[in-house]
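Here's the letter readout for the chains.
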Amino acid sequence: MSNLDQKPAPTPCGGESGAGPVRELLTGRQVPLGESTVVRRLLPNLGRRMVGAWCFVDHYGPDDIADEPGMQVPPHPHMGLQTVSWLHQGEVLHRDSLGSLQTVRPYELGLMTSGRAISHSEESPRAHARFLEGAQLWVALPDAHRHTAPAFEHHADLPVVTAPGLRGTVILGSLDTATSPGTAYTPLVGADLALTEGADLKLPLEPGFEYAVLAMSGSVDVDGVRVEPGSMLYLGTDRRELPLLARTDAAVLLLGGEPFEEKLVMWWNFIGRSGEEINQAREDWMTTTRFGEVHGYDGARLRAPELPALPLKPRGRVR
């Protein structure tokens, strides 16, 4: 997954404690991703940069790609983060510079840890399902682990929590008594909550985490606020439970984690701690073999955008 924006703005993130319980409804902006996919970008968002270590959230679909190539994201680099691929419909073929070749299917976790450097591509298989729908997410790596060796994990069997009207799949981290097998480097949670119409429940939360709920499909009242596809409700911290009321059959993603207090800079597909570090990563992608090579993708790799004239400086999260 990639930020394909050819004029990406530097985004200062992190460096703040929690905000207490709030209700901030965020609307995604539309961003093209590849040849025929348009995503709704929820993070980073004007006024909201991170939710725990979650620092990038795209929601896409359902897209009818029966006569389209679907997702086609050429080889591109990452550093300092983890990518999380999550599908409700369709398939995505992942290739990376480690030699990984994996088809990720609905409700399976594709987790790539970039660490110090990796490159990858993502594409819909030539013979693909009619519809494509899912979310693309990044997790910022803390300083102690951001130079770790790159890795890719695929987990087809994920733990589930249930309640009347609820089936929750734990994508990453822990929810209630269930823990994902995916490797996490900070205390966090990512969970897919499938709700049946009329479900009325309270989900247990960690008061030290901050949370947000992304609507994938259907209509849900989250702590009394209507959340529908294309929007995400930021909830802040200091919550022990979350009221959910499904107005229709619906699916939402619950994202949360300890507030990310380290200051960092996110630009294009890189997360670093200084403008010099970002500049070096861009230069290395263009002129060296640091990020490796993706074999098997039919097309050229992405060229890095030009860096902005303004210096890149890490700061706290902008509200």
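Residues numbered from 1 in each chain as written. Predicted model: local features only at pLDDT ≥ 70, side-chain atom pairs only at ≥ 80, totals over all residues. Heavy atoms only, no water.

K.L.:
Sorry if this is basic, but what is going on with the overall build of the protein here?
P.N.:
A count of helices and strands for the protein gives one helix and 26 strands. In the protein, which comprises 319 residues, the proportion classed as buried is 59%. Sequence-distant contacts in the protein: of pairs separated by 6 or more residues, those separated by 24 or more amount to 75%. Surface exposure of the protein reaches about 12700 Å², of which carbon and sulfur atoms provide 47%. (Helix = DSSP H or I, 4+ residues; strand = E, 2+ residues; numbered from the N terminus. Buried < 20%, exposed > 50% of the residue type's maximum accessible area, 1.4 Å probe, protein only. Contact = heavy atoms within 4.5 Å. Areas by Shrake-Rupley, 256 points an atom, 1.4 Å probe, with all protein chains shown as cover.)

K.L.:
Is there a simple way to explain the pattern of salt bridges in this structure?
P.N.:
Two side chains of opposite charge can pair, provided their charged atoms sit close to one another. Under the counting rule described, the total for this entry stands at 16 salt bridges. Note that Arg 41 and Asp 58 form a salt bridge whose closest N and O atoms lie 2.8 Å from each other. Separated by 17 residues along the polypeptide, Arg 41 in strand S4 (residues 37-43) and Asp 58 in strand S5 (residues 54-64) bring together distant segments of the chain. On the basis of relative accessible area, Asp 58 is assigned to the buried category, the value being 0%. One salt bridge in this structure joins Glu 241 and Lys 202, with 3.6 Å as the shortest N-O distance. Of this pair, Glu 241 sits in strand S23 (residues 241-246) while Lys 202 is found in strand S18 (residues 200-204), placing the two residues 39 residues apart along the sequence. Overall, Lys 202 belongs to the exposed group, its relative accessible area being 56%. Among the ionic contacts, a cluster of salt bridges with common partners joins Arg 23, Asp 223 and Arg 239. (Salt bridge = Lys/Arg side-chain N within 4 Å of Asp/Glu carboxyl O.)

K.L.:
Would you explain helix H1 (residues 275-287) in this entry?
P.N.:
The terminal C-alpha atoms of H1, which comprises 13 residues, lie 18 Å apart, in line with the 18 Å expected from a rise of 1.5 Å per residue. Along H1, the residues classified as buried are Gly 275, Glu 277, Ile 278, Ala 281, Arg 282, Asp 284 and Trp 285. Lining the buried residues of H1 we find strand S6 (72-78), strand S11 (118-123), strand S25 (263-267) and strand S26 (270-272). (Expected span 1.5 Å × (residues − 1).)

K.L.:
Looking at this structure, how should I read unusual backbone geometry?
P.N.:
When glycine is set aside, most residues are seen to have a negative phi, and most peptide bonds are trans. With an omega of -10°, the peptide bond running from Leu 43 to Pro 44 counts as cis. With respect to the secondary-structure elements, Pro 44 resides in the loop between S4 and S5. For the bond from Gly 61 to Pro 62, the omega torsion is 0°, close enough to zero to count as cis. If you trace the backbone, Pro 62 turns up in strand S5. Although it is not a glycine, Trp 268 sits at a positive phi angle of roughly 50°. Assignment of secondary structure puts Trp 268 in the loop between S25 and S26.

K.L.:
How should I be thinking about the packing of aromatic side chains in this particular structure?
P.N.:
Centre distance and the angle of the planes are the two values used to describe a pair of aromatic rings. For the coordinates displayed, the defined rule picks out eight aromatic pairs. A centroid spacing of 4.0 Å and a plane angle of 15° characterise the contact between Phe 56 and Trp 138, whose relative ring orientation is stacked. Of this pair, Phe 56 sits in strand S5 while Trp 138 sits in strand S12 (residues 131-140), and the two are 82 residues apart along the sequence. Taken individually, Phe 56 and Trp 138 each receive the classification buried, so the pair is uniform in this respect. Between Trp 86 and Tyr 107 the ring centres are 5.8 Å apart and the planes differ by 90°, which places this aromatic pair in the edge-to-face class. Of this pair, Trp 86 sits in strand S7 (residues 81-89) while Tyr 107 sits in the loop between strand S9 (101-104) and strand S10 (109-113); the two residues are 21 residues apart in sequence, bridging distant segments of the chain. Linked through ring pairs, Trp 267, Trp 268, Phe 270, Trp 285 and Phe 291 together constitute an aromatic cluster. Just above the ring of Tyr 234 sits the side chain of Arg 48; from NZ or CZ to the centre is 3.7 Å. The aromatic ring of Trp 285 is capped on one face by Arg 301, whose charged end is 3.8 Å from the ring centroid. (Phe/Tyr/Trp six-rings, centres within 6.5 Å; stacked < 30°, edge-to-face > 60°. Lys NZ or Arg CZ within 6 Å of the ring centre and 35° of its normal.)

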